[in-house]
Amino acid sequence: APAKSGFGAAVRAGLSALSAPDSPAETVDWLWLLHDDSEPAPDALEELLLAVERAPSVTIAGAKQVDWDNERLLVDVGVSVSRWAERLTLIDADELDQGQYNARSDFFAVNSAGMLVRRDVWEALGGFDPALPGTGDDVDLCWRNRLAGHRVVVVPAAKMRHAGRRPN
């Protein structure tokens, strides 16, 4: 994708490459979206796949996000919105991971870093809305997914480090 075009455009470019005549696009059932400033734990994908295999109604699953430099510092364990459409992580600033969110499951939305999306649902929903600048495209996709009657879950056992929220 062109520089500064955003994560959604990069995902669309990658999927276009999968649609090439010599690509195995028909065998891709799930899309695992990773930001360039994130690093999943070695078992993160396995944990996400276990969650969606247990519940076929789940079409989007997200990972627990911890700080890049301090893996005990929570960054994101599911996303919600305020009545003014502000993005809310529902965790306190500088909150340490003590397993307090390990029972979370169904949630309004999950962060796109580490998001696992069923491919047919991604295509039916049109993926990330190109009109959104990047922040909020994950909330929008999850919102449309829920309106379509599907579930969104956060999988706390699927852990990943994320540097995206670090101050410059």
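Residues numbered from 1 in each chain as written. Predicted model: local features only at pLDDT ≥ 70, side-chain atom pairs only at ≥ 80, totals over all residues. Heavy atoms only, no water.

Draft legend 1. Looking closely at the overall build of the protein chain. Across its full length, the protein chain holds four helices and eight strands. For the protein chain, the sequential pattern of α-helices and β-strands runs α-β-β-α-β-β-β-β-β-α-α-β. Scaling as 2.2 N^0.38, a compact globule of 168 residues should have a C-alpha radius of gyration of about 15 Å, and the protein chain matches this with 15 Å. For the protein chain, the spread of C-alpha atoms along the principal axes amounts to about 50 × 40 × 35 Å. When the 168 residues of the protein chain are sorted by exposure, 43% land in the buried category. The contacts in the protein chain between residues at least 6 apart in sequence include a share of 72% that link residues at least 24 apart. Of the roughly 9000 Å² of accessible surface on the protein chain, 52% is carried by carbon and sulfur atoms. Both charge centroids of the protein chain, one from 17 positive and one from 26 negative side chains, sit 4 Å from each other. (Helix = DSSP H or I, 4+ residues; strand = E, 2+ residues; numbered from the N terminus. Rg over C-alpha atoms; globule rule 2.2 N^0.38 Å. Buried < 20%, exposed > 50% of the residue type's maximum accessible area, 1.4 Å probe, protein only. Contact = heavy atoms within 4.5 Å. Areas by Shrake-Rupley, 256 points an atom, 1.4 Å probe, with all protein chains shown as cover. Lys, Arg positive; Asp, Glu negative; His and termini not counted. Charge placed at Lys NZ, Arg CZ, Asp CG, Glu CD.)

Draft legend 2. Molecular detail of unusual backbone geometry. Of note, the phi angle at Ala85 is positive, near 65°, even though the residue is not glycine. Its place among the elements puts Ala85 in the loop between strand S5 (80-81) and strand S6 (87-88). Phi at Asp94 is positive, roughly 60°, even though this residue is not glycine. Summarising the element assignment, Asp94 is placed in the loop between S6 and strand S7 (115-118).

Draft legend 3. Helix H1 (residues 7-18), seen in detail. If you check H1, its first and last C-alpha atoms are 17 Å apart, about what 12 residues at 1.5 Å a residue would give, namely 16 Å. For H1, the set of buried residues is Gly8, Ala9, Val11 and Leu15. The buried side chains of H1 occupy one side of the element, clustering within an arc of 160° when seen end-on. On its buried face, H1 sits against strand S1 (30-33), helix H3 (119-125) and helix H4 (137-147). (Expected span 1.5 Å × (residues − 1). Arc of directions from axis to C-beta.)

Draft legend 4. Fine view of the environment of Ala93. Summarising the element assignment, Ala93 is placed in the loop between S6 and S7. Counting along the chain gives 42 residues from Ala93 to Thr135, while the straight-line C-alpha distance between them is 19 Å.

Draft legend 5. Here's a closer look at the pattern of salt bridges. Summed over the entire model, instances satisfying the criterion amount to seven salt bridges. Close ionic contact of Arg87 with Asp138 constitutes a salt bridge, the shortest N to O distance being 2.8 Å. Of this pair, Arg87 sits in strand S6 while Asp138 is found in helix H4, placing the two residues 51 residues apart along the sequence. Note on Asp138: relative accessible area 4%, which makes it buried. For Asp120, the salt bridge goes to Arg118, with nearest N and O atoms at 2.7 Å. Judged by its relative accessible area of 45%, Asp120 is partly exposed. (Salt bridge = Lys/Arg side-chain N within 4 Å of Asp/Glu carboxyl O.)

Draft legend 6. Here's a closer look at the packing of aromatic side chains. What the rule picks out here adds up to three aromatic pairs. Here Trp122 and Phe128 contribute two aromatic rings whose centre-to-centre distance is 5.0 Å and whose plane-to-plane angle is 85°, an arrangement assigned as edge-to-face. Here Phe128 falls in the buried class, since its relative accessible area comes to 1%. Among the aromatic residues, those joined into a ring-pair cluster are Phe7, Trp122 and Phe128. One residue, Arg161, lies across the ring of Trp68, its end atom 4.1 Å from the ring centre. (Phe/Tyr/Trp six-rings, centres within 6.5 Å; stacked < 30°, edge-to-face > 60°. Lys NZ or Arg CZ within 6 Å of the ring centre and 35° of its normal.)

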